[in-house]
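Residue-level structure breakdown
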Amino acid sequence: MISLFRPLINGRGIDFDRMMVIVETKLKMDQRRVYMNWRQGKRKENSNHLLMALIFYGFLGLVMGSMIYLIDNFLTIMIFTHAYILFMMAMILITDFSSVLLDTTDNQVIMPRPVSSKTLFMARLIHILLYLLQFTLAIAAGSWLFTFIKYGLLTGLVLIITTLLAVLLAVFLTYFLYLAILHFSNEQRVREIITYFQIFMMVFFTLGLQVLPRLLDVIDIKQAVDLKGYMYVLPPVWMAISVDAFRLINFDNLHILMILLSCLVPLTGFWILFKYLAPGFANRLIALQGTSSKVKSKDDNIVKIEKGSLSDRISSIACNTPVEKGAFGFTWKITGRDRNFRMQFYPGLAYILVIFFIFVIRGKDSVAENWRQLPETNNYLWLIYLSILSVASSLTLVTFNESFAASWIYHSTPVKQPGEIVLGMVKSLFIKFFIPIYILLFLIAFYIWGIMVIDDFLFGFFSNMFCFLVLAILSDHYLPFSRQPDTKQQAGRFFVIFIQILLVGALVGLHYLLISRTLLLYAVIPFLILGIVILLRTIRALPWSKIAI
Amino acid sequence: MSVITIDRLCKRYDTNEVLKNISLSFEAGQIIGYIGPNGAGKSTTIKILTGIIGDFEGDVTVLGMDVRTHSLEIKQKIGYIPENAALYDVLTPVEYLNFIGRLYGMPQVSIKKKSTELLELFELGSKTDQRLSGFSKGMRQKVLLISGLMHNPEIIFLDEPLSGLDANAVILVKEILSQLKKAGKTIFYSSHIMDVVEKLSDRIVIINKGEVIADGTFETLQQQASSGSLENIFTALTGNQEHESTAGAFISIINN
């Protein structure tokens, strides 16, 4: 298909044959790259990840597209459809394609070969467009299909055009975002931001799958969108109105304006991208690569080490031995910097929001009504024990790391009691993750229920700590960051999760029995503390024979 | 005839001048050792000569062609093997070499034959279907070497080519370079391993802080610096004489 454009491309400083070699190779590499980086779990090396990603997005697209059939208000559903396409394309570009956009491997592999920069640029552009076309089809085909069925050929064709324009706009906006970040910051910052977007993507899908079905019961999306003045600056609104113009064969001033905006803004943006942004972006990346170590930004990979860092200060209070303190600080720092850990751990915290949402939005009552009745319930118990469910996963996640081979250090240093390392790790996770979340949930509960929750949250603190230490004892005793991520992470986890749920359930049950019996609550606390002390000692005393390698 | 001429070459990154007025010229069929401390400007020089960096001051010609205006023609005739270069990890070595060969415009039959035979020669014959992501550093370096040489270039630019190679591979590569030189190829070799540079090079250029501080045969440099090995010459000329005191301080600190 691209060969049809050979006369157009060849001879403008572009070597068509070499360009096609690059495009073919990049398309081959696309099939092997891992997609949906925000998904957890091991992916097989020889699987066609691209195809699986397309199927996934295609399924989503079909679900979203079916709403065109179900919802009669055309403008509403078209705004929703275009917003969805714009959002999904931007997210895919950022989360899945960023590695390609930011990749400077071409500079090392291709630039030393007899390939002109124009040839390479055109090859990259065609590659990106082909990539986008595949994902556009996956995301939007469902919407196109249902529009054709319900509204006819003309409307469907116009929707295809506005979809493609939305994609061009998404490409322009994403490139612009990257360039802006690179201009004010550096490549490392771009990668950090991509990580946060990927975390956001995971949280979005986690919440979306749980929350959206419930929201749909509550919000009447069949109602027409009441377009306010400021909404007319939104591209999904332009495009929706443009499609509507052709559906109704209505070309009044407003519709003409919307059609012009829908066409001109994305096309102009893409022209700016082609002419100025993309070459500038590439040059910026080359410049970042080409600078010597002396002229690289001081921010690159430099960690600000403050005197008496927070982890050092806390470890001096929370830990007893140098080994424990070392493990505490080590765990604290790496969990804050390791991308994979953050990608897997933080989205799990989203479930706190999900469960909170579930017990607020219950039954047939409205959100407001549920919220009003909340202080009359004992649902703050959920808040007390929610945090432990999410934070417990850190006990397993902390054992994995891409640089797991660096764990040779544990075995080459004269550590007599590796339990001290495990204990330092456990304390670090509890203090760093559990306590801030618990405090936040306490503040929420205090806001809703008032002073009555203080006793229960105090009790809950010790019972959660007890629970966390039990889970630490029950888990495999791996040292922090000592396991290869490719190992079967899920093996045995179901059992551990089952025990976690049983344990938390038992604690919730116990606490429920003690609600409103303040004296009993306080009477049980010393027993919990005693249990905690015993568990701490047990963990500390773990010998090498009990450590998993 | 000079195959490489560099005339008043200057390169800046922002306010930092990494190359300061370098002028050199090299004849065909030589092995040129290009050495210097980290940050001296070695890699930048090579990237300019290989047409990767086009933004510089001064004049540079390779094989009689200006690198600014004839970079494609130059790239067709040179090979470049950088240190720790990135590869397309999801490709197998055969796929990667096929890709590179096609970029050089080599016939498909020739690519297949050469890549198969060269991989076999480097004991990678059993790994042809394995992705590069699973290759060790030494294996990747071998693939890099093949990719930089299989189109039979006239000038070869190497940046730490022995990095990560096992002992047998090191000996093999050194022998390959010697035979390439005998075949009339020009080899521009940058390395930190002084004894290899000393033994291989017909001419040695020492660069420090963007300037050429020594240029000549090993014997000439020996006389200039009144020193024995290239390592001593390098130390004397780059002014970094503090190794002994630094080592002493290191021992002192760990003993405390």
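Summary of the structure given here. Worth saying up front: this structure is predicted, and the values here are computed from it rather than measured.

The rules behind each value
Residues numbered from 1 in each chain as written. Chains lettered and ligands numbered in written order. Predicted model: local features only at pLDDT ≥ 70, side-chain atom pairs only at ≥ 80, totals over all residues. Helix = DSSP H or I, 4+ residues; strand = E, 2+ residues; numbered from the N terminus. Buried ≥ 20, exposed ≤ 12 C-beta atoms within 10 Å, placed from the backbone. Contact = placed C-beta atoms within 7 Å. Rg over C-alpha atoms; globule rule 2.2 N^0.38 Å. Nonpolar A, V, L, I, M, F, W, Y, C, P; charged D, E, K, R; others polar. Pairing = 2+ DSSP bridges. Axes fitted to C-alpha atoms, helices over the stretch in contact; angles between N-to-C directions. Core = buried A, V, L, I, M, F, W, Y, C linked by C-beta atoms within 7 Å. Parallel < 35°, antiparallel > 145°, perpendicular 65-115°, else oblique. Left-handed = near helix turned anticlockwise from the far one by under 90°.

**So, the overall build of chain A**
Within chain A, the secondary structure is distributed over 22 helices and zero strands. For chain A, with 549 residues in total, the buried portion stands at 34%. Long-range contacts, defined as pairs at least 24 residues apart, comprise 83% of the intrachain contacts of chain A with a sequence gap of at least 6.

**Points about the overall build of chain B**
Each helix and strand in chain B was counted, giving 10 helices and 10 strands. The C-alpha atoms of chain B give a radius of gyration of 19 Å, which matches the 18 Å a tight globule of 256 residues would have. In terms of its C-alpha atoms, chain B occupies a principal-axis envelope of roughly 55 × 50 × 40 Å. Counting only residues that meet the buried cut, chain B has 38% of its 256 residues in that class.

**Focus: the interface of chain B and chain A**
Listed per partner, the contact involves 24 residues of chain B and 22 residues of chain A. Elements with a contribution of two residues or more to the side of chain B that touches chain A: β2 (16-27), α2 (71-77) and α3 (93-103) of chain B. Among the elements that make up the side of chain B that touches chain A, the one with the highest residue count is α3(B) (four residues). When grouped by side-chain class, the residues that make up the side of chain B that touches chain A number 17 nonpolar, four polar and three charged.

**A short note on unusual backbone geometry**
In the Ramachandran plot, A:F481 falls in the positive-phi region, its phi being about 60° despite a non-glycine side chain. Along the chain, the position of A:F481 falls in the loop between α20 (453-474) and α21 (493-514). Of note in this structure, B:R8 is not a glycine but carries a positive phi near 50°.

**Examining the sheet that holds strand β7 (residues 155-159) of chain B**
Residues and elements named next belong to chain B. Ordered by their spatial adjacency, six strands build an open sheet running β6-β7-β8-β3-β9-β10, and the pairing between neighbours is mixed. Every other strand in the sheet has two partners, leaving β6 (78-81) and β10 (211-216) as the edge strands with one partner each. Each strand of the sheet is rotated relative to its neighbour by a mean of 15°, with strand direction disregarded. When β6 meets β7, the two strands line up parallel, connected through four bridges. Bridge pairing in β7 links I81 to L158. Together, β3 (31-35), β7, β8 (186-190) and β9 (203-208) form the strand contacts of helix α1 (residues 42-49), whose direction differs from that of β7 by roughly 150°.

**A word on the pairing of β8(B)**
All names here are of chain B. Of all the five residues making up β8, five are buried; the element is thus mostly covered by neighbouring parts of the structure. By the alternation rule, side chains of β8 split into T186, F188 and S190 and I187 and Y189, which are all buried. As defined by bridge partners, β3 adjoins β8 across four bridges and the pair is classed as parallel. Paired with I32 across the two strands is F188, which belongs to β8. In this sheet, β8 lies alongside β7 in parallel orientation, the contact comprising five bridges. Directly across from D159, in β8, lies its bridge partner S190.

**Some remarks on the environment of A:L386**
Residue placement: A:L386 occurs in helix α16 (residues 380-391). For the pair A:L386 and A:V398, spaced 12 residues apart in the sequence, the C-alpha separation amounts to 20 Å.

**Re the pairing of β10(B)**
Across five bridges, β9(B) lies against β10(B) in antiparallel orientation. When the sheet's bridge partners are listed, B:I207 is paired in β10(B) with B:V212.

**Here's the deal with the sheet that holds strand β5 (residues 65-66) of chain B**
Residue and element names in this part refer to chain B. Strand order across the open sheet formed by four strands is β2-β1-β4-β5, with antiparallel pairing between neighbours. The open sheet is flanked by β2 and β5, the only strands paired with a single partner. Contacting β1 (2-13), β2 and β4 (57-62), α1 runs over the sheet at an angle of about 120° to β1.

**Topic: the nonpolar core**
Ranked by internal contacts, the top residues of the largest apolar core, which has 75 residues, are B:V62 and B:F157. One finds A:I94, A:L169, A:Y178 and A:W238 within the second-largest nonpolar core, a separate group that totals 47 residues.

**Here's the deal with the environment of A:A318**
Residues and elements named next belong to chain A. The residue A318 is located in helix α12 (residues 310-318) in this model. With 17 C-beta atoms counted inside 10 Å, the residue A318 sits in the partly exposed group. In the structure, A318 is positioned 120 residues away from Y438 in sequence and 18 Å away in space, judged by C-alpha atoms. Aside from chain neighbours lying at most four places away, what touches A318 is F328, K427 and I431.

**As for α3(B)**
An α-helical turn contains 3.6 residues, so any two residues separated by three or four positions project in the same direction. Burial within α3(B) is extensive, with eight of its 11 residues counted as buried. Residues B:P93, B:Y96, B:L97, B:F99, B:I100, B:G101, B:R102 and B:L103 constitute the buried set of α3(B). Against the buried residues of α3(B) lie α2 (16-32) of chain A together with α4 (108-121) and α5 (137-149) of chain B. The positive-phi residue at the C-terminal boundary of α3(B) is B:G105, with phi of around 75°.

**So, the packing of α3(B) against α4(B)**
Residue and element names in this part refer to chain B. One way to put it is that α3 packs onto α4 with a least axis distance of 10 Å and a crossing angle of 135°. Here α3 is positioned oblique relative to α4, judged by the angle of their axes. Every pair of crossing elements has a handedness; the one defined by α3 and α4 is right-handed. Residues P93, V94, L97, N98, G101 and R102 of α3 lie in contact with α4, whose contacting residues are I111, S115 and L119. Tallied by class, residues from the contact of α3 with α4 come to five nonpolar, three polar and one charged.

On their own, these measurements won't tell you what the molecule is for.
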